[in-house]
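Residues per chain are reported as follows:
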Amino acid sequence: MDATEPATSTPSSTDRFDVAIVGGSMAGLTAALVLGRARRRVVVIDAGHPMNEGVAHSQGFPTRDGVAPTELVALLRDEVAVYGVTVIDGRVGAVARNDEGFTVAVDGHEDLVARRVVLATGGRVDLPDLPGLAEVWGGDAANCPYCHGWELQDRRLALIGDQTKVPMMARILTQWSDDIVAFAGAATDMAAAEQAGIEVERRVPVRIVQTGGRLQGIEVDDGTVVPCGGLFVVGLPVAGSSLAVGLGAALDEHGFVAADREGVTSVPGVYAIGSAVDPTHQLTGAADSGTRAARWLNHDLIEEDLAAR
Ligand SMILES: Cc1cc2nc3c(=O)[nH]c(=O)nc-3n(C[C@H](O)[C@H](O)[C@H](O)COP(=O)(O)OP(=O)(O)OC[C@H]3O[C@@H](n4cnc5c(N)ncnc54)[C@H](O)[C@@H]3O)c2cc1C
């Protein structure tokens, strides 16, 4: 199969799956790979809007540094297909308990039935309302120096976003550039940043100035353009789905699903992994959490099957 060709199929409501995985990006497809290899009947439903949507290259994933995120997902889809995993392109509108486990309602498809559910619904980036930001996002603008610091190194870097994080992130960015301008609100204590040689800009950004997707600077509220060649926006991700809320699962203080290291949530039979649980995960962390949860979930099913013998 061509690596870019989606491995989509349309199961019927009479199909019974061991596991339904909502979200088919790094965490969900990694869990599917482990469960497929454990000879589980697995269905993955994916709406196709991962947290890193619009990013041209993913960095730091071992053996695939610099690959396009879409290619990484396509490769994973090919791999899970080998083990008979079903992948549906679609959006899950609701998950509810039934006598056999869970009913998974997929928009435009028949309902699916599965014994266990994995929420791999990721995070969502709500960009600040700044004209021009979308045009540079994923190229000259990003949110994490560990993902994109190398590519933006030694440029004049601007920093905007969550004021609780700007002072610390400004200091972290000194590893990638000696020329940093941090946009800080009037009440934000930037003394430690200034000691580290960071320029503090107290005027309010109103527009990203860009030409053909290349960042030129940031226009502030008096009309001045503060020049920069790279931009970091801190503190962005929010939970990618409210399905956990519908299931009555406990959330953490930031609205992400509360789950332990094995992905176990407060609702029996419901697991949560990847950025649905921790938005600070990079791709390796998302893959690791998918693997851990898949193993634990499989043990859970093995015990249930043995008890029924
Ligand atoms: C701008 C940016 C750049 C990044 N760059 C890098 C990088 O270079 N290297 C790196 O290691 N990490 C990078 N990351 C982090 C990386 O994107 C995440 O670690 C990774 O995407 C998390 O994977 P995930 O599977 O947990 O969730 P996601 O990738 O967010 O995927 C969740 C999936 O679930 C789907 N979904 C949600 N709700 C439903 C529903 N109801 N029904 C069906 N499907 C649903 C979504 O559409 C999505 O496809 C970056 C993040 C951002 C924001």
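Being a predicted model, the structure only gives us computed values, none of them experimental.

Points about the site of the ligand
Around the ligand sit 37 residues in total, of which S25, D46, H49, Q59 and S275 are the nearest. Contact between the ligand and S25: an oxygen atom at 2.8 Å from a side-chain N or O atom of the residue. Take Q282: an N or O atom from its main chain is 3.4 Å from an oxygen atom of the ligand. Burial of the ligand by the protein amounts to 97% of the accessible area it has alone, namely 1000 Å². Only α1 (26–37), β2 (42–46), β7 (123–125), α4 (145–152) and α8 (283–307) provide two or more residues apiece to the shell around the ligand. Residue classes in the shell around the ligand are distributed as 16 nonpolar, 19 polar and two charged. The two domains that each donate at least three residues to the shell around the ligand are domain 1 (16–125 + 236–307) and domain 2 (133–234).

Digging into the pairing of strand β12 (residues 205–211)
Note that β12 and strand β13 (residues 214–220) share six bridges and pair antiparallel. Note that in β13 the partner of V209 across the bridge is G217.

Some remarks on the environment of L283
Following the sequence through the fold, L283 ends up in helix α8. For L283, a relative accessible area of 21% translates into the label partly exposed. The spacing of L283 and P62 is 221 residues in sequence and 9.6 Å in space, taken between C-alpha atoms. Ignoring any residue separated from it by four or fewer positions in sequence, one finds L283 in contact with M26, N52, S58, F61 and L72.

Describing the sheet that holds β13
The strand order across the open sheet formed by three strands is β12-β13-β14, and the pairing between neighbours is antiparallel. Only two strands of the sheet have a single neighbouring strand rather than two, namely β12 and β14 (225–227). This sheet shows a mean twist of 35° between the axes of neighbouring strands, independent of strand direction.

Examining the sheet that holds strand β9 (residues 157–161)
Taken in spatial order, the five strands line up as β8-β15-β9-β10-β11 in an open sheet, and their pairing is parallel. The sheet is open, and its two borders are formed by β8 (141–142) and β11 (199–201), each paired with just one other strand. Where β9 meets strand β10 (residues 180–183), three bridges bridge the pair, whose relative direction is parallel. Residue pairing across strands places A158 opposite V181, the latter belonging to β10. Strands β8, β9 and β15 (230–234) of the sheet are contacted by α4, whose axis makes an angle of about 170° with β15.

Describing the domain arrangement of the chain
Domain annotation of the chain identifies domain 1 (16–125 + 236–307) and domain 2 (133–234). If you average the C-alpha positions of domain 1 and of domain 2, the two centres end up 33 Å apart. Contacts between the two partners involve ten residues from domain 1 and, on the opposite side, nine residues from domain 2. Of the roughly 750 Å² buried at the junction of domain 1 and domain 2 (both faces included), carbon and sulfur atoms supply 57%.

As for the pattern of salt bridges
This structure, assessed with the given rule, holds 20 salt bridges. Of the charged contacts, one joins R91 and D107 as a salt bridge, the two residues approaching to 3.0 Å between their closest N and O atoms. One end of the pair, R91, is in the loop between β3 (86–89) and β4 (92–98); the other, D107, is in the loop between β5 (101–106) and β6 (112–119), and 16 residues separate them in sequence. Residues E304 and R116 are paired through a salt bridge, measuring 2.8 Å at the closest nitrogen-oxygen approach. A residue pair is termed long-range when its members are at least 10 positions apart, and E304 in helix α8 and R116 in strand β6 qualify at 188 residues. Of the residues examined, R116 reaches a relative accessible area of 8% and is grouped as buried.

How each quantity is defined
- Numbering of residues starts from 1 in every chain and runs along the sequence as written.
- At least 70 in pLDDT is required for a residue's local features to be given in this predicted model, at least 80 for side-chain atom pairs to be given and counted, and no such filter applies to totals for whole chains, interfaces and linings, which use all residues.
- The side-chain figures draw on all heavy atoms in the structure; neither hydrogens nor water molecules are used.
- Residues are classed as near a molecule or strand on a simple rule: at least one heavy atom within 4 Å of it.
- N or O atoms closer than or at 3.5 Å make up a polar contact, with two conditions inside protein: a donor-capable atom paired with an acceptor-capable one, and, for residues adjacent in sequence, both atoms drawn from side chains.
- Here, Shrake-Rupley sampling with a 1.4 Å probe gives the accessible areas, and only protein chains in the shown set may cover a residue.
- A run of H or I in DSSP counts as a helix once it spans at least four residues, and a run of E counts as a strand once it spans at least two, with each numbered from the N terminus.
- Residues are grouped as follows: Ala, Val, Leu, Ile, Met, Phe, Trp, Tyr, Cys and Pro are nonpolar; Asp, Glu, Lys and Arg are charged; all remaining types, including Gly, are polar.
- Boundaries of every domain are those given by an automatic assignment or by a domain database.
- One bridge is not enough; two strands pair if DSSP finds at least two bridges between them.
- Think of it in three bands: residues with accessible area under 20% of the maximum for their type are buried, residues over 50% are exposed, and the middle band is partly exposed, with areas taken using a 1.4 Å probe on protein chains only.
- Throughout, a contact is declared for two residues whenever any of their heavy atoms are within 4.5 Å.
- To define axes, lines are fitted to C-alpha atoms, for helices over the stretch in contact only, and angles between the resulting N-to-C directions are given on a 0 to 180 degree scale.
- The term buried area refers to how much accessible surface (probe radius 1.4 Å) is lost by two components on association, counted for both of them together.
- Salt bridge, as used here, is a side-chain nitrogen of Lys or Arg placed within 4 Å of a carboxyl oxygen of Asp or Glu.

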